[in-house]
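Chain by chain, the residues:
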Amino acid sequence: MTDQPTSILRGSGSSGFGEPESSGTRPTLRPLVWNGGTDIGLLILRFAVGGTFFAHGMQKVFGMWGGPGVAEFARTLDRYGYQQTTTLSWVTGITELVAGAFVVLGVLTPLAAAALLAIKINAVLLKVASGFFITSVAGANAVELDVVLGLAAAAIIFTGPGRIALDNGRAWHRRPASWGVLALVVGVAAAVLVYVMLRSTPVSGTP
């Protein structure tokens with residue numbers, strides 16, 4: 001026989017009476033990691049935002065789906081006081097087409113999303129006085145859709161495209177936040193330059 005206590009009473013972390021000592025530590029939580037659900041969510045967001053912009057670009061460039069076409073959109077820009085409206089109409093439509101497609105595919109995602117954000121910044125600045133809700137008297141001149149699409153584009157700038165994208169593994173995919181800040185600065189700067197330098201006083205009666 002031995003004078004030592006049995007293993008039941010002297011287990012690691014016990015107080016000697018079969019009860020574990022309180023260690024004062026909290027249980028280890030499962031670390032927060034990137035998951036497949038996030039990738040699917042970002043893919044859906046990219047399709048929603050990029051696809052909508054792509055459709056708007058088709059309306060402006062080709063006049064599809066009841067769109068205005070280049071000439072009519074240029075006249076709209078003219079009523080809002082922009083200059084060189086034909087060129088700006090082409091640039092806006094092609095940007096929506098290309099950047100929208102790039103966002104859907106996940107190609108150069110931060111810059112593509114920043115280009116879309118720049119377009120919506122101009123739209124909001126032009127129509128902010130008309131009100132927020134599309135269901136109001138302002139109708140399509142309200143900023144509700146422009147704000148939602150612009151903020152969604154801004155979100156993609158910072159989150160990156162996720163792993164279900166052609167950008168998977170690239171520097172701006174691995175470090176989306178730092179690249180996102182740079183892309184955001186470029187997008188906002190482009191929006192302000194277009195609004196300030198290519199716009200004069202709008203004609204009377206412009207909504």
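Residues numbered from 1 in each chain as written. Predicted model: local features only at pLDDT ≥ 70, side-chain atom pairs only at ≥ 80, totals over all residues. Heavy atoms only, no water.

A short note on the layout of surface pockets
Space inside the largest pocket adds up to approximately 940 Å³. Along the wall of the largest pocket there are 34 residues; nearest its centre are Lys60, Phe73, Ile119, Lys120 and Ala123. Of all the secondary structure elements, the ones that give two or more residues to the lining of the largest pocket are α1 (36-62), α2 (69-79), α3 (85-105), α4 (109-127), α5 (144-159) and α7 (176-197). For the lining of the largest pocket, the element with the highest residue contribution is α4, accounting for eight residues. Its residues assigned to classes, the lining of the largest pocket comprises 21 nonpolar, seven polar and six charged. (1 Å grid on protein atoms, 1.4 Å probe; cavity = no way out; pocket = protein on both sides within 12 Å on 5 of 7 lines; lining within 4 Å. Points joined across faces, edges and corners; volume = space filled by probe spheres on them. Helix = DSSP H or I, 4+ residues; strand = E, 2+ residues; numbered from the N terminus. Nonpolar A, V, L, I, M, F, W, Y, C, P; charged D, E, K, R; others polar.)

A word on the confidence of the model for the chain
Caution applies to low-pLDDT regions: their predicted coordinates should not be interpreted in detail. Averaged over the chain, the pLDDT score is 83; the fraction of residues at 70 or greater is 83%. At the level of individual helices and strands, the chain shows its lowest average pLDDT in helix α6 (residues 171-174), which scores 76, and its highest in α3, which scores 95. Considering only residues more than four positions removed or in separate chains, one finds that residues 203-207, a stretch of pLDDT under 50, has five contacts. (pLDDT = per-residue confidence, 0-100. Contact = heavy atoms within 4.5 Å.)

Details of the pattern of salt bridges
Counted under the stated rule, the structure contains six salt bridges. With a closest N to O distance of 2.7 Å, Lys127 and Asp146 form a salt bridge. Of the two residues, Lys127 is situated in helix α4 and Asp146 in helix α5; the sequence distance between them amounts to 19 residues. Each member of the pair Lys127 and Asp146 is classed as buried. Close ionic contact of Asp167 with Arg170 constitutes a salt bridge, the shortest N to O distance being 3.8 Å. Arg170 gets classed as partly exposed once you look at its relative accessible area, which sits at 44%. (Salt bridge = Lys/Arg side-chain N within 4 Å of Asp/Glu carboxyl O. Buried < 20%, exposed > 50% of the residue type's maximum accessible area, 1.4 Å probe, protein only.)

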